[in-house]
Amino acid sequence: MTVINCLQNSQGNHPSMSLEQLGASHLLVVGQTGSGKTTTTLSLLDQLGRTTTAVIVLDPTGEYRALPGSQHYVVGQNCFLDAGSWDGEELLTALQISHDERQRELVDRAIQSLRIELNIHHHRGLYRKIGRTTTEFSADASRLGSWSKSYPVSLLADQLVEEMIIPFENQHADYHFLGQQYDRQLISRQWEFISTIRHRLVSRDFRELFDVSSHSGRVCYELHFVLQMYLTKRSNKPLIVDLSHLTEAGSVQRALISQLLNEMLVIRQRSARAKEDMFPVELVIDEAHRYLPVDQRQLADNGVFRLLREGRKAGLSLLITTQSTLDLPDRLRSQFATVLIHHLASVDELSYLHYQQLPTIELSTGEVFLLHHGLSPQKWQVIAPPQWLKH
Ligand SMILES: Nc1ncnc2c1ncn2[C@@H]1O[C@H](COP(=O)(O)OP(=O)(O)OP(=O)(O)O)[C@@H](O)[C@H]1O
Ligand SMILES: [Mg+2]
């Protein structure tokens, strides 16, 4: 059991709960801007990283670079995402394109076609469906496997047109083909949708995220591969996924964080089933209020929520910091067994945590109240290494 050295009171004592206990539950760090949330998190991670816990930080500001010995990947710079690991729904969300069921289904079909063309026919191009027999298509589709996920995402808009086909409407109709002519009516109804996809795919933001070619000349890593490595084999080095290059597009970050967390959960659940080493992992999201789902209805599929509910069984704990508890949907709040509260002046925010009496208004920078199931709130000073303190 490791003492939480970085929390100390005026008598030089430390909390009775251990660092391992702290790491085993989800932890919420709240406080007004400038109250010391990031510094506290850095101090805890510095200590946690020296135990058996692996640390992964989703860093929206680049401040976690300060963690000693950390491995740093900057999304959009030396690290990109493989669109091939995303399905239609995820891709459309990342592209911020509102869509209906039918459109999502069309995109899923187009993705499947591009995967066939690349992985089965070894050709980086469109999969023509006009004049292709249903037997031939079924054979192609059945050969796809988890190894054949990648596809040229830049061709998606053109491939969508190839999906909208129908038989001839006269005596020459042959239902053994997937289709014999373009369905012009459907294409014109969907033209706006197709054009939106085309434009979003060539936008700078998107190309930096997904397109390996825009990173030419630099060594680049695919993020899924990096995460897989960190979640299956314990590393002593904290992994920092720097998202600061994506700051312009909040909803892209939101979709991305949700997907990354979902992906991490899947990787660990798979490891658990395969009875692999389930070392504990602390996942950190700083300034989480930026990424939480705005719409309560989307909560169930959101990665943050799923990880809070299902993560601990897979050895994943979440540490999030936020300026405002009011940004946290009710259903999220109850998932945090431990809360660190910095300076907070609003009674509403405290009431939300059911601690309206706590004198958090008196706290100075770097002081916190530690709340944990069954323990009465106690005040601590966060001892941060001097090199992290900005003056
Ligand atoms: N434990 C501490 N001891 C001394 N100084 C501290 C401590 N914690 C934070 N500070 C100082 O207070 C300032 C703000 O700290 P920090 O960036 O951690 O706050 P924050 O709550 O994360 O702010 P923001 O909401 O802007 O992200 C920094 O200059 C930092 O050096
Ligand atoms: Mg901060």
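These figures come from a predicted structure and were not determined experimentally.

Rules of the game
Residues numbered from 1 in each chain as written. Chains lettered and ligands numbered in written order. Predicted model: local features only at pLDDT ≥ 70, side-chain atom pairs only at ≥ 80, totals over all residues. Heavy atoms only, no water. Helix = DSSP H or I, 4+ residues; strand = E, 2+ residues; numbered from the N terminus. Buried < 20%, exposed > 50% of the residue type's maximum accessible area, 1.4 Å probe, protein only. Contact = heavy atoms within 4.5 Å. Areas by Shrake-Rupley, 256 points an atom, 1.4 Å probe, with all protein chains shown as cover. Salt bridge = Lys/Arg side-chain N within 4 Å of Asp/Glu carboxyl O. Pairing = 2+ DSSP bridges. Axes fitted to C-alpha atoms, helices over the stretch in contact; angles between N-to-C directions. Phe/Tyr/Trp six-rings, centres within 6.5 Å; stacked < 30°, edge-to-face > 60°. Lys NZ or Arg CZ within 6 Å of the ring centre and 35° of its normal. Near = heavy atom within 4 Å. Polar contact = N/O pair within 3.5 Å; in protein donor to acceptor, adjacent residues only side chain to side chain. Nonpolar A, V, L, I, M, F, W, Y, C, P; charged D, E, K, R; others polar.

This part takes up the overall build of the protein chain. Looking only at helices and strands, the protein chain has 13 helices and 14 strands in total. For the protein chain, the spread of C-alpha atoms along the three principal axes comes to 90 × 40 × 40 Å. Within the protein chain, the fraction of its 391 residues that count as buried is 52%. Considering only contacts within the protein chain whose residues lie at least 6 apart along the sequence, 72% involve residues at least 24 apart. Carbon together with sulfur atoms contributes 50% to the accessible area of the protein chain, which is approximately 18400 Å² in total.

Further remarks concern the pattern of salt bridges. Opposite charge on two side chains allows them to pair when their charged atoms are near. Applying the stated criterion across every chain, the model contains 11 salt bridges. In this structure, the salt-bridge partner of R50 is D46, at a minimum N-O distance of 2.8 Å. Given the relative accessible area of 65%, R50 is considered exposed. Take D46: its relative accessible area is 16%, and that puts it in the buried class. For the salt bridge of E136 with R132, the shortest nitrogen-to-oxygen distance reads 2.9 Å. Connected via shared salt-bridge partners are E89, E101, R104 and D108.

A few words on the sheet that holds strand β12 (residues 338-341). Strand order across the open sheet formed by 10 strands is β1-β14-β13-β12-β2-β11-β10-β3-β9-β4, with mixed pairing between neighbours. Because the sheet does not close on itself, it has two edges, and the strands there are β1 (7-8) and β4 (71-74). Sheet topology places β12 next to strand β13 (residues 367-372); four bridges connect them, and they run antiparallel. Across the sheet, T338 pairs through a bridge with H372, a residue of β13. Against the sheet, helix α9 (residues 223-232) contacts β3 (54-59), β4, β9 (239-242), β10 (281-285) and β11 (316-322), and its axis sits at roughly 155 degrees relative to β9.

What follows covers the packing of aromatic side chains. Scanning all chains against the criterion turns up two aromatic pairs. Seen from their ring centres, Y127 and F137 are 6.4 Å apart, and the 50 degrees between their planes marks the pair as tilted. Residue Y127 is located in the loop between α4 (101-120) and α5 (134-142), and its partner F137 is located in helix α5; the two are separated by 10 residues in the primary sequence. Above the plane of the ring of F279 lies R268, whose end atom (NZ or CZ) is 4.8 Å from the centre. It is R333 that lies over the ring of Y352; its NZ or CZ is 4.6 Å from the centre.

Below, the discussion takes up the site of ligand 1. Not every one of the 15 residues close to ligand 1 is listed here, only the nearest: G34, K37, T38, T39 and V382. Note that an oxygen atom of ligand 1 is positioned 3.3 Å from one of the backbone N or O atoms of S35. Within the side chain of T39, one N or O atom sits 2.5 Å away from an oxygen atom of ligand 1. Bound to the protein, ligand 1 loses 80% of the 630 Å² it would expose on its own. Looking at the shell around ligand 1, the element that brings in the most residues is helix α2 (residues 37-48), giving three residues. Residue composition of the shell around ligand 1, by class: two nonpolar, 10 polar and three charged.

This part covers unusual backbone geometry. One non-glycine residue with positive phi stands out, namely H122, at about 55 degrees. You can see H122 is positioned in the loop between α4 and α5. Of note in the backbone geometry, H354 takes a positive phi value of approximately 65 degrees without being a glycine. With respect to the helices and strands, H354 occurs in the loop between α13 (347-352) and β13. Taking relative accessible area as the criterion, H354 reaches 58% and is therefore assigned exposed.

A separate point is the pairing of β10. Among the five residues of β10, five are classified as buried, and the element is accordingly described as predominantly covered. On β10, burial covers both faces: V281, L283 and I285 on one face and E282 and V284 on the other are all buried. Summarising the sheet, β3 and β10 pair through five bridges and their orientation is parallel. Across the sheet, the residue bridging to A54 is V281, located in β10.

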